Amino acid sequence: MKKMICYSLPFNLLLLGGCGFLGATNDNSEQISTKAQAALTAQATMIDTEGKELGIVKFTESKEGVRIHVKLENVPEGEHGFHIHEVGKCEKPTFESAGAHFNPGGKEHGFENPKGFHAGDLPNVKADESGVVDVEFIAKHITLEKGKEHSLFDEDGSAVILHEVSDDYKTDPSGNSGVRIACGVIESK
């Protein structure tokens, strides 16, 4: 039986390989593209109230939602509210130009609010004792696809805001997260 398997191996390879195994090709055949569609990406360069750069927030569209990677330095130690705001404008020093939270669904603020939450509500981020924030999470209620519902790229764009203190996840309109201490306009890449 072993001899038969050994002798049949070349024959099986010929069957699996078809005519292409022998070098024959069909001139009318089309090549199948193996290139995957590139993921939609965006980023925001975060500035503080004096205009100093603190780092980058990267956004990548995925099947699960928008993957957000926050990488900042020189942030006050502790937890901070972190939200997407409705206007892509960051005028120092208050960043009020970014408007309210991104909220196309007309909800109230907070993951724990029975009438919430805003599409722009995001988890708190934490700066370590050296002022570094390096965290990644998925936002399931937004998209980077232009023209889609909940797209961050509507007619006036969007911004991301870092707040002074942590978001309590329930108090409307901003979770008692304090003043805006950093802002970044979200730009398509």
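About the criteria used
Residues numbered from 1 in each chain as written. Predicted model: local features only at pLDDT ≥ 70, side-chain atom pairs only at ≥ 80, totals over all residues. Heavy atoms only, no water. Buried < 20%, exposed > 50% of the residue type's maximum accessible area, 1.4 Å probe, protein only. Helix = DSSP H or I, 4+ residues; strand = E, 2+ residues; numbered from the N terminus. Pairing = 2+ DSSP bridges. Contact = heavy atoms within 4.5 Å. Patch = residues over 30% accessible without salt bridge, like charges linked within 9 Å, V, L, I, M, F, W, Y side chains within 5 Å. Areas by Shrake-Rupley, 256 points an atom, 1.4 Å probe, with all protein chains shown as cover. Salt bridge = Lys/Arg side-chain N within 4 Å of Asp/Glu carboxyl O. Lys, Arg positive; Asp, Glu negative; His and termini not counted. Charge placed at Lys NZ, Arg CZ, Asp CG, Glu CD. Phe/Tyr/Trp six-rings, centres within 6.5 Å; stacked < 30°, edge-to-face > 60°. Lys NZ or Arg CZ within 6 Å of the ring centre and 35° of its normal. Polar contact = N/O pair within 3.5 Å; in protein donor to acceptor, adjacent residues only side chain to side chain. pLDDT = per-residue confidence, 0-100.

I would appreciate a short explanation of the pairing of strand β8 (residues 159-163) in the present structure.
On any regular strand, side chains alternate: one points to one face of the sheet, the next to the other face. Within β8, five of the five residues are buried, leaving the element largely enclosed by the surrounding structure. Where burial is concerned, the two faces of β8 agree: the one with Ala 159, Ile 161 and His 163 and the one with Val 160 and Leu 162 are both buried. Across four bridges, the pairing between strand β5 (residues 82-85) and β8 is antiparallel. Across the sheet, the residue bridging to His 85 is Ala 159, located in β8.

What is the right way to look at the environment of Ala 100 in this model?
Here Ala 100 is to be found in the loop between β5 and β6 (125-127). Expressed as a C-alpha distance, the spacing of Ala 100 and His 85, which sit 15 residues apart in the sequence, is 5.5 Å. Once residues within four sequence positions are removed from consideration, Ala 100 is found in contact with His 85 and Glu 86.

Got a minute to help me understand a negative patch on the surface in this structure?
On the surface, a cluster of negative charge is contributed by Glu 86, Asp 154, Glu 155 and Asp 156. Residue position: Asp 154 is located in the loop between β7 (133-139) and β8. Since its relative accessible area comes to 32%, Asp 154 is described here as partly exposed.

What am I meant to see in the packing of aromatic side chains here?
To describe a pair of aromatic rings, you give the distance between the ring centres and the angle between the ring planes. In the structure shown here, the tally under the stated rule is three aromatic pairs. Plain terms: the ring middles of Phe 111 and Phe 117 are 5.0 Å apart, the flat faces sit at 65 degrees to each other, and that makes the pair edge-to-face. Residue Phe 117 is classed as partly exposed on the basis of its relative accessible area of 25%. Judged by relative accessible area, which is 35%, Phe 111 ranks as partly exposed. Taken together, Phe 111, Phe 117 and Tyr 169 form an aromatic cluster joined through their ring pairs. Here Lys 146 stacks its cationic end above the ring of Phe 153, 5.7 Å away from the centre of that ring.

Honestly, the pattern of salt bridges in this entry has me stumped. Any pointers?
In a structure, side chains of opposite charge can pair up when their charged atoms sit close to one another. Counted under the stated rule, the structure contains six salt bridges. Note that Glu 136 is salt-bridged to Arg 67, the shortest N-O span being 3.2 Å. One end of the pair, Glu 136, is in strand β7; the other, Arg 67, is in strand β3 (residues 65-72), with 69 residues separating them in the sequence. Look at Glu 136 and you get partly exposed, because its relative accessible area is 44%. Note on Arg 67: relative accessible area 34%, which makes it partly exposed.

Before we go on, may I ask you to explain the side chain of Asn 124 in this structure?
Mapping Asn 124 onto the fold places it in the loop between β5 and β6. Overall, the relative accessible area of 15% leaves Asn 124 in the buried class. Looking at Asn 124, its side chain comes within polar contact range of the side chain of Glu 79, at 3.4 Å. With residues up to four places along the chain from it excluded, the contact list for Asn 124 reads Glu 79, His 80, Gly 81, Ser 166, Asp 167 and Tyr 169.

Please clarify how the confidence of the model for the chain should be interpreted in this entry.
Low pLDDT marks stretches whose predicted atomic positions should not be read closely. In this model, the chain carries a mean pLDDT of 83, and residues with pLDDT of at least 70 account for 80%. Low confidence marks residues 1-34, where pLDDT is under 50. Its contacts with residues over four positions away, or in another chain, come to four contacts.

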